[in-house]
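Summary of structural features
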Amino acid sequence: MLCCLRLPFTAQLRTSADLPVLSYRHAFHAGNHADVLKHMVLVHALDYLTSKDAPLWYIDTHAGAGRYEFSRGDTQGHAEYHEGIGALWEAATLPPALSRYREVIRLSNPDGQLRRYPGSPSIARMMLRPQDRIWLHELHPADARELERDSRHAPVPSRVIDTDGFAGLRALLPPQPRRALAIIDPSYEMDSDYRAVVDALRDALERFSSGVYLLWYPLLASRESRRLPERLEALGAQKWLHAQLLLRPLQAGGAGLLGSGMFVINPPWTLRAALEDCRSALLEHLAPGGEGSLEITSRES
Ligand SMILES: C[S@@+](CC[C@H](N)C(=O)[O-])C[C@H]1O[C@@H](n2cnc3c(N)ncnc32)[C@H](O)[C@@H]1O
């Protein structure tokens, strides 16, 4: 383990050595349309939660490398960011939530040229305060090392934990300050991830029902992906918001990512209106073919 965190539970933690394959590298996808949706929601939620002085814990169950250079071969080869943040970069006007998200990404690109993309850990580091605390879980050894290096000089106390993020979340809840945002963003390389995210949220709600939980998932033609939304809604959380950004209709089927979804438990009350306000800009820039949609549903009580 990279950190000396003493985990207050006895369950066996999975380490990278236990996983048969860990081939997913977020560098190939950094800044794509899925990151735009995910990180726009993250930025909005962090702005909302840090509007109060009280300390906040940020828990990232699947952190990735934390930041990505577009000039490196791994991102350039795929260049998915061109259809994501790249498509928004030069837009003259954007609605407030999208503009604020771009402003945060610009902090990593101070000369105005889009050269790098901050992953969720870097976004948290840029937005949190000294009284907050960052917990990052990442199984891939190379990514965990990068996170560890960047955490050393961060003004916000940070811990990198190179064990299973689902177990890590369980170990950290309830959080000491009684305020926490957890982002759950697995790679869904294994079908078991679809079951694991539902189990993790059910457990998290039992341990700490007032936490803010952000779950990202891919919209694919597969049965597991299509069934996930109803399983999330059936968890019975009192308040949730569900946003699905589709680039092509789900019925189109076929291989590949059709879009992605964010399921947010205990969302900021401002989130629904903020997303509604971004609908036409998101579709104009990210789904210019005219086949896209943004569907938003929520439960308020
Ligand atoms: C989609 S990426 C995370 C991207 C990141 N959250 C962001 O928004 O910038 C998923 C990451 O989870 C890691 N991972 C896979 N299984 C894991 C597990 N059980 N626990 C912790 N990390 C895991 C992968 O190595 C990969 O880096």
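Attention in this report is confined to the structure presented alongside it. Bear in mind that the values here come from a model prediction, so they are computed numbers and not experimental data. (Residues numbered from 1 in each chain as written. Predicted model: local features only at pLDDT ≥ 70, side-chain atom pairs only at ≥ 80, totals over all residues.)

Here's the deal with unusual backbone geometry
- Put simply, L173 and P174 share a cis peptide bond, and its omega is 0°.
- Positioned with a positive phi, R178 is a non-glycine residue whose angle comes to about 60°.
- Within the fold, R178 resides in the loop between α7 (165–172) and β6 (180–184).
- Positive phi, close to 55°, is recorded for N266, a residue that is not glycine. (Helix = DSSP H or I, 4+ residues; strand = E, 2+ residues; numbered from the N terminus.)

Some remarks on the site of the ligand
- Taken together, 20 residues lie around the ligand, and H62, G64, G119, S120 and G165 are the ones closest in.
- Among the residues making up the shell around the ligand, the classes are represented as five nonpolar, nine polar and six charged. (Near = placed C-beta within 6 Å. Nonpolar A, V, L, I, M, F, W, Y, C, P; charged D, E, K, R; others polar.)

Brief notes about the sheet that holds strand β8 (residues 240–246)
- Strand order in this open sheet of eight strands is β5-β4-β1-β6-β7-β9-β8-β10, and the pairing throughout is mixed. The open sheet has two edge strands with one neighbour each: β5 (158–161) and β10 (293–299). Across the sheet, the mean angle separating the axes of adjacent strands is 10° when strand polarity is ignored.
- The pairing of strand β1 (residues 57–60) with β6 spans four bridges and is parallel. Bridging across to β6, Y58 finds its partner in L181. (Pairing = 2+ DSSP bridges. Axes fitted to C-alpha atoms, helices over the stretch in contact; angles between N-to-C directions.)

Quick word on the environment of S71
- Position of S71 relative to the elements: it lies in the loop between β2 (67–69) and α2 (73–76).
- C-alpha separation for the pair S71 and R115, spaced 44 residues apart in sequence, amounts to 6.8 Å.

Quick look at the packing of α7 against helix α8 (residues 192–207)
- Where α7 contacts α8, the two axes come as close as 10 Å, and the packing angle between them is 5°. Classified by the angle their axes make, α7 and α8 are roughly parallel. In contact with F166, L169 and R170 of α7, α8 contributes A196, A200, D203 and A204.
- Residue classes in the contact of α7 with α8 are distributed as five nonpolar, no polar and two charged. (Parallel < 35°, antiparallel > 145°, perpendicular 65-115°, else oblique. Contact = placed C-beta atoms within 7 Å.)

Description of the environment of I134
- Its place among the elements puts I134 in strand β4 (residues 133–137).
- For I134, a count of 22 C-beta atoms within 10 Å puts it in the buried group.
- Along the sequence, I134 and S151 sit 17 residues apart, while their C-alpha atoms lie 9.3 Å from each other.
- Ignoring sequence-local partners within four residues, the contact set of I134 consists of Y58, A124, R125, L128, V156, P157 and S158. (Buried ≥ 20, exposed ≤ 12 C-beta atoms within 10 Å, placed from the backbone.)

A short note on the environment of L172
- Position of L172 relative to the elements: it lies in helix α7.
- Here the alpha-carbon distance between L172 and A204, two residues 32 residues apart in the chain, equals 9.6 Å.
- Ignoring anything within four residues of it in the chain, the contact list for L172 reads I59 and W135.

Brief notes about the nonpolar core
- The biggest cluster of nonpolar side chains holds 80 residues, and the ones touching the most others in it are L181, Y213, L214, L215 and V264.
- It is helix α1 (residues 33–49) that provides the largest number of residues to this core, a total of nine residues.
- Residue contacts for L215: discarding those within four places in its chain leaves I184, V197, L201, M262 and F263. (Core = buried A, V, L, I, M, F, W, Y, C linked by C-beta atoms within 7 Å.)

Looking at the packing of α1 against helix α10 (residues 271–286)
- The contact between α1 and α10 brings their axes to 12 Å, and the two run at 155°. Between α1 and α10, the interaxial angle falls into the category roughly antiparallel. By crossing handedness, the relation of α1 to α10 is classed as right-handed. Here α1 contributes H33, V36, V41 and H44 to the contact with α10, which in turn contributes L271, A274 and L286. (Left-handed = near helix turned anticlockwise from the far one by under 90°.)

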